[in-house]
Amino acid sequence: MTNACGMARNLLAAGIEIVVADVLTPETSELYRRELPGCLIVHLMVGLPEARRRAASREVWLTDDEFRMLHEADATNPPYADQRIQVDTLDLRNQLAVVASLWNEGRSAG
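Rules used throughout
- Residues numbered from 1 in each chain as written.
- Predicted model: local features only at pLDDT ≥ 70, side-chain atom pairs only at ≥ 80, totals over all residues.
- Heavy atoms only, no water.
- Core = buried A, V, L, I, M, F, W, Y, C linked by side-chain atoms within 4.5 Å.
- Buried < 20%, exposed > 50% of the residue type's maximum accessible area, 1.4 Å probe, protein only.
- Disulfide = S-S within 2.5 Å.
- Helix = DSSP H or I, 4+ residues; strand = E, 2+ residues; numbered from the N terminus.
- Contact = heavy atoms within 4.5 Å.
- Patch = residues over 30% accessible without salt bridge, like charges linked within 9 Å, V, L, I, M, F, W, Y side chains within 5 Å.
- Areas by Shrake-Rupley, 256 points an atom, 1.4 Å probe, with all protein chains shown as cover.
- Salt bridge = Lys/Arg side-chain N within 4 Å of Asp/Glu carboxyl O.
- Arc of directions from axis to C-beta.

Enquirer: Looking at this model, I keep getting lost on the nonpolar core. Mind explaining?
Expert: Across soluble globular proteins, nonpolar side chains show a tendency to be buried alongside one another. Within the largest apolar cluster, nine residues are counted, these being Cys5, Ala8, Ile18, Leu24, Tyr32, Leu36, Cys39, Ile41 and Ala81. If you look at the next biggest cluster of nonpolar residues, it comprises seven residues, including Ala55, Ile85, Val87 and Leu102.

Enquirer: Mind showing me how you'd approach the state of the cysteines here?
Expert: Here is the idea: a disulfide is a covalent bond, and it sits between the sulfur atoms of two cysteines. This model, assessed by the stated rule, comprises zero disulfides. For Cys5, which is in no disulfide, the shortest distance to another cysteine sulfur is to Cys39 and amounts to 8.1 Å. Its relative accessible area of 0% is what places Cys5 among the buried residues.

Enquirer: I tried to follow the environment of Leu90 on my own but got confused; where do I start?
Expert: Mapped onto the secondary structure, Leu90 falls in the loop between strand 2 (83–86) and helix 5 (92–109). Linking Leu90 and Ala13, residues 77 residues apart in sequence, is a C-alpha distance of 34 Å. In contact with Leu90, other than residues within four places in its own chain, are Arg54, Ile85, Gln95 and Val98.

Enquirer: I'm lost on a nonpolar patch on the surface in this one. Help?
Expert: On the surface, Met7, Leu11 and Ile16 cluster together into a nonpolar patch covering about 270 Å² of accessible area. With respect to the element layout, Met7 can be found in helix 1 (residues 2–13). Exposure remark for Met7: the relative accessible area of 54% places this residue in the exposed category.

Enquirer: I would appreciate a short explanation of helix 2 (residues 26–35) in the present structure.
Expert: Working note: α-helix, 3.6 residues per turn, so residues spaced by three or four point in the same direction. For helix 2, the full list of buried residues reads Thr28, Ser29, Leu31, Tyr32 and Glu35. Down the axis, helix 2 shows its buried residues gathered within 150° of arc, on one side only. In helix 2, the exposed positions that point more than 90 degrees away from the buried face belong to Glu27 and Arg34.

Enquirer: Would you explain the pattern of salt bridges in this entry?
Expert: Following the criterion strictly, the structure yields eight salt bridges and no others. Among the salt bridges present, the one from Arg34 reaches Glu35, with a minimum N-O distance of 3.9 Å. Owing to a relative accessible area of 57%, Arg34 belongs among the exposed residues under this scheme. With a relative accessible area of 18%, Glu35 lands in the buried category. Via salt bridges that share partners, Arg9, Arg34 and Glu35 belong to a single interconnected network.

In structure tokens form, the structure reads like this:
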């Protein structure tokens, strides 16, 4: 991940805006915070029923217990984020609109 941050810094230095989509833990979000100062971290959250519904649309590699434990771990020890958005009831278009609004607010404040 440190190498990816180095590449991101190079792109930013060249004036290219970037988006990194990742599943984060508190530790990895701190790495992004340290390696990419000023980055905007947005934590998209869903409840367990919605997470299961979404996961059912693709191949699942976890047992039901593992899936539940990971979901609970994210809820009880979430990554550090600038914003948290509950997206259970938002379709893709609305999720993008909310994140774009946050992105634009951050750019205008910076």
